[in-house]
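Structural overview for review
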Amino acid sequence: MQTSRIVFACVVLAVCAAEQTPRPEVSDTALDDALSDKRFIQRQLKCALGEGPCDPIGKRLKTLAPLVLRGACPQCSPQETKQIQKTLSYVQRNYPQQWAKIVRQYAG
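The residue numbers shown here count from 1 along each chain, following its written sequence. The model is predicted, so local features are restricted to residues of pLDDT at least 70 and side-chain atom pairs to those at 80 or more, both for listing and for counting; the totals for chains, interfaces and linings are taken over all residues. Water and hydrogen atoms play no part in the side-chain values, which are based on all heavy atoms of the structure.

**As for the overall build of the protein**
When helices and strands are tallied, the protein shows 6 helices and 0 strands. Helices and strands in the protein line up, N terminus first, as α-α-α-α-α-α. Classification of residues uses two cut-offs on accessible area relative to the type maximum, computed with a 1.4 Å probe and protein chains only: under 20% is buried, over 50% is exposed, and between them is partly exposed. Here the protein, with 108 residues, has 40% of them falling under the buried criterion. Working rule for contacts: check all heavy atoms of both residues, and any pair within 4.5 Å makes them a contact. Considering only residue pairs separated by 6 or more positions, the protein has 75% of its internal contacts joining residues 24 or more positions apart. Computed with a 1.4 Å probe, the accessible areas rest on the Shrake-Rupley method; for each residue, only the protein chains presented here act as cover. Total accessible area computed for the protein in this model is approximately 6200 Å², and 55% of it derives from carbon and sulfur atoms. Think of it this way: any DSSP run of H or I at least four residues long counts as a helix, any run of E at least two long counts as a strand, and we number them from the N terminus.

**What to know about the packing of helix 3 (residues 38-48) against helix 4 (residues 56-69)**
Each axis is a line fitted through C-alpha atoms, taken for helices only over the stretch in contact, and angles between the N-to-C directions span 0 to 180 degrees. One way to put it is that helix 3 packs onto helix 4 with a least axis distance of 9 Å and a crossing angle of 50°. Regarding the angle of helix 3 to helix 4, the classification is oblique. Seen from above, helix 3 lies across helix 4 with right-handed handedness. Along its contact with helix 3, which presents Phe40, Gln44, Cys47 and Ala48, the element helix 4 presents Ile57, Gly58, Lys59, Leu61 and Lys62. Considering only residue class, the contact of helix 3 with helix 4 consists of 5 nonpolar, 2 polar and 2 charged. Angles are sorted into four bins: roughly parallel if under 35 degrees, roughly antiparallel if over 145, roughly perpendicular if 65 to 115, and oblique for all others. When the near helix sits turned anticlockwise from the far one by under a right angle, the crossing is termed left-handed; a clockwise turn instead gives a right-handed crossing. By the convention adopted, Pro, Cys, Tyr, Trp, Phe, Met, Ile, Leu, Val and Ala count as nonpolar, Lys, Arg, Asp and Glu as charged, and the other residues, Gly among them, as polar.

**Overview of the pattern of salt bridges**
By convention in these notes, a salt bridge is any Lys or Arg side-chain nitrogen within 4 Å of a carboxyl oxygen on Asp or Glu. All told, the structure shown has 3 salt bridges when counted by the stated rule. Its salt-bridge partner being Asp28, residue Lys82 comes within 3.6 Å of it at the nearest N-O pair. One end of the pair, Lys82, is in helix 5 (residues 78-94); the other, Asp28, is in helix 2 (residues 28-35), with 54 residues separating them in the sequence. Since its relative accessible area comes to 32%, Asp28 is described here as partly exposed. Put simply, Lys101 and Glu51 hold a salt bridge, and the shortest N to O gap is 3.1 Å. One end of the pair, Lys101, is in helix 6 (residues 96-106); the other, Glu51, is in the loop between helix 3 and helix 4, and 50 residues separate them in sequence.

**A word on the confidence of the model for the protein**
Looking at any residue, its pLDDT shows the predictor's confidence there, from 0 to 100. Of the residues in the protein, 76% reach a pLDDT of 70 or more, and the chain-wide mean stands at 75. Here residues 1-11 scores under 50 on pLDDT; set against residues more than four positions off or in separate chains, the count is 26 contacts. The low-confidence segment residues 13-20, where pLDDT is below 50, has 25 contacts with residues more than four positions distant or belonging to other chains.

Okay, structure coming up:
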């Protein structure tokens, strides 16, 4: 389950970071597993919003949130782009209040 948690964070806000190191491919199944872990998602959302403590994943999420929310993903593969869109749609649908806060905080 730890792997799926790392996958979630990477897909939500870290997959498109402008890094030179290769990223491992994330399966759609691993993404679905991560999205089903509500406690993990809520913990990461609280971190991103400054409402709770951050683990290393949350810290990375906060750093990269502005890039992904602005659509800055120059190095994303088509598969990564699809997974990011799926994850963002999931958060918008299932956590609308937190989503609105994230957009206000990071997209501006």
